[in-house]
Amino acid sequence: MINTQSLTDLMPLLALGLVTFLLAGFVKGVIGLGLPTVAVGLLGLAMPTAEAAALLIVPSLVTNIWQLLAGPRFAALARRLWPMLLGICIGTWMGGGWLANGGDLAGMALGVALLVYAALGLAAIRLHVPAAWSRSRVSALGGGIGVITGLVTAATGVFVIPAVPFLQALELDKDDLVQALGLSFTVSTIALAAGLARDGVFHGHAIGVSLLALAPALGGMFLGQWVRNRVSAPVFRNSFFVGLAMLGAELVIQHMR
């Protein structure tokens with residue numbers, strides 16, 4: 001017999017999950033990134049950060065593989081970015097257990113990460129890797145960036161810092177940048193899933209709920225792609241970063257209590 005009280009108790013969480021993944025998919029559809037950032041940030045208001053990160057695995061993996069395969073230069077980008085991708089895996093593995101055992105500290109770290117990312121986005125800070133740098137020097141920098149990104153991922157479930165600013169600094173053309181982001185996010189999602197599975201967070205129940213989250217995420221992404229050419233991209237990006245900053249501040253305050 002179905003426990004109606006349990007269903008009633010679950011309804012607010014289910015509604016939050018539906019709205020969260022619709023919104024996260026919409027943001028990714030418009031600007032090409034932001035699904036895990038939005039999803040973990042919003043879900044982190046209602047559940048432990050590690051559990052929120054586990055729920056984003058399937059939607060994040062599917063949408064990022066989709067983004068990755070949409071470009072024409074996968075092999076060339078993989079050869080160029082492999083030190084960063086390897087560093088992401090190493091850093092995420094080194095930070096194993098941080099997210100699962102961090103408690104309020106993990107939530108606060110997520111809030112700080114969102115605030116930093118929002119501040120960089122609103123300031124429109126663009127880094128630049130000098131063209132005169134040798135390939136080995138850029139590869140070494142990429143490896144270090146990857147390790148730091150992996151550590152941030154292991155602590156917060158968010159994998160945009162500092163990988164995204166680094167990829168933007170390489171001054172790739174638009175299509176290559178979108179594909180490079182998809183490649184970086186795909187590797188980060190797989191590394192995060194492996195870490196959470198090792199820590200007992202990404203298990204059968206979480207996988208099932210994550211699969212359910214795929215439908216609203218894809219629906220939001222389709223809608224975002226439709227809207228992309230009908231709104232001002234700079235206005236949308238600035239609104240996104242302002243909202244992200246507010247969310248980050250709320251997470252920090254919530255986990256300081």
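Owing to the predicted nature of the structure, the values given are computational and were not obtained by experimental measurement.

Student: Could you clarify how one ought to interpret the pattern of salt bridges in this entry?
Tutor: Side chains bearing opposite charge may pair, as long as their charged atoms lie close to each other. This structure, assessed with the given rule, holds two salt bridges. R73 is paired through a salt bridge with D176; the nearest N and O atoms lie 2.8 Å apart. With R73 in the loop between α4 (57–69) and α5 (74–94) and D176 in helix α10 (residues 174–198), this residue pair connects regions lying 103 residues apart in the sequence. Taking the relative accessible area as the measure of exposure, D176 reaches 6% and is therefore buried. Here D199 makes a salt bridge to R198, at a shortest N to O gap of 3.9 Å. When its relative accessible area of 38% is taken as the criterion, R198 is described as partly exposed.

Student: Any chance you could explain the UniProt feature "transmembrane region" (unreviewed entry) in the protein chain here in plain terms?
Tutor: As annotated by UniProt and renumbered to match this structure, "transmembrane region" (unreviewed entry) occupies residues 45–69, 81–100, 106–129, 141–165, 177–197, 204–223 and 235–253. Annotation note: span residues 45–69, helix share 80%, strand share 0%, distance between end C-alpha atoms 33 Å. For the annotated span residues 235–253, helix accounts for 100% and strand for 0% of the residues, and the straight-line distance between the end C-alpha atoms is 27 Å.

Student: Before we go on, may I ask you to explain the side chain of S60 in this structure?
Tutor: Within the element layout of this structure, S60 appears in helix α4. Looking at S60, the relative accessible area reads 0%, which means it is buried. A distance of 2.9 Å separates the side chain of S60 from the side chain of T189, its partner in a polar contact. Not counting the four nearest positions on each side in its chain, S60 is found in contact with L35, P36, F159 and T189.

Student: Quick question: what am I supposed to make of a nonpolar patch on the surface here?
Tutor: On the surface, V112, V116, L120, I125 and L127 cluster together to form a nonpolar patch covering roughly 390 Å² of accessible area. Of note, L127 is situated in the loop between α7 (104–123) and α8 (135–156).

Student: Any chance you could explain the nonpolar core here in plain terms?
Tutor: With 67 residues, the main nonpolar core has F21, Y117, L167, L170, L196 and F240 as its most contacted residues. Considering each element in turn, this core owes the most residues, nine residues, to α10. Those residues in contact with F240 that sit more than four places away from it in its chain are V27, I31, G34, V38 and Y117.

Student: Just to check I follow, could you spell out the side chain of T149 for this structure?
Tutor: Tracing the backbone through its elements, the reader meets T149 in helix α8. A polar atom in the side chain of T149 sits 2.8 Å from the backbone oxygen of I145. For T149, the residues in contact, after removing those within four places along its chain, are I88, F159, I161, P162 and A163.

Student: Honestly, the packing of aromatic side chains in this entry has me stumped. Any pointers?
Tutor: The way to describe two aromatic rings as a pair is by their centre distance and the angle between their planes. With the rule as written, the count across this model stands at four aromatic pairs. Between Y117 and F241, the aromatic rings sit 5.4 Å apart at their centres with planes inclined by 85 degrees, giving edge-to-face as the arrangement. On the criterion of sequence distance, the pair formed by Y117 in helix α7 and F241 in helix α12 (residues 233–256) is long-range, its members being 124 residues apart. This pair shows no difference in class: Y117 is buried, exactly as F241 is.

Student: Just checking my understanding: could you explain unusual backbone geometry for this structure?
Tutor: Most peptide bonds adopt trans geometry, and most residues besides glycine take a negative phi value. In this structure, the amide linkage connecting I161 to the following residue, P162, adopts the cis form with an omega of -5 degrees. With respect to the helices, strands and loops of the structure, P162 is situated in the loop between α8 and α9 (163–169). You will see that E171, though not glycine, has its phi angle at about 55 degrees, which is positive. In this structure, E171 sits in the loop between α9 and α10.

Student: Explain the confidence of the model for the protein chain here, please?
Tutor: Detailed reading of predicted coordinates is not advised where the pLDDT is low. Per-residue pLDDT for the protein chain has a mean of 85; in total, 94% of the residues score no lower than 70. Taken element by element, the protein chain is modelled with least confidence in helix α1 (residues 4–31), mean pLDDT 74, and with most confidence in α5, mean pLDDT 94. Within the model, pLDDT remains below 50 along residues 1–7, and this stretch shows one contact once partners closer than five positions in the same chain are excluded.

Calculation criteria
Residues numbered from 1 in each chain as written. Predicted model: local features only at pLDDT ≥ 70, side-chain atom pairs only at ≥ 80, totals over all residues. Heavy atoms only, no water. Salt bridge = Lys/Arg side-chain N within 4 Å of Asp/Glu carboxyl O. Helix = DSSP H or I, 4+ residues; strand = E, 2+ residues; numbered from the N terminus. Buried < 20%, exposed > 50% of the residue type's maximum accessible area, 1.4 Å probe, protein only. UniProt positions renumbered as here; feature names shortened; annotations may be inferred. Polar contact = N/O pair within 3.5 Å; in protein donor to acceptor, adjacent residues only side chain to side chain. Contact = heavy atoms within 4.5 Å. Patch = residues over 30% accessible without salt bridge, like charges linked within 9 Å, V, L, I, M, F, W, Y side chains within 5 Å. Areas by Shrake-Rupley, 256 points an atom, 1.4 Å probe, with all protein chains shown as cover. Core = buried A, V, L, I, M, F, W, Y, C linked by side-chain atoms within 4.5 Å. Phe/Tyr/Trp six-rings, centres within 6.5 Å; stacked < 30°, edge-to-face > 60°. pLDDT = per-residue confidence, 0-100.

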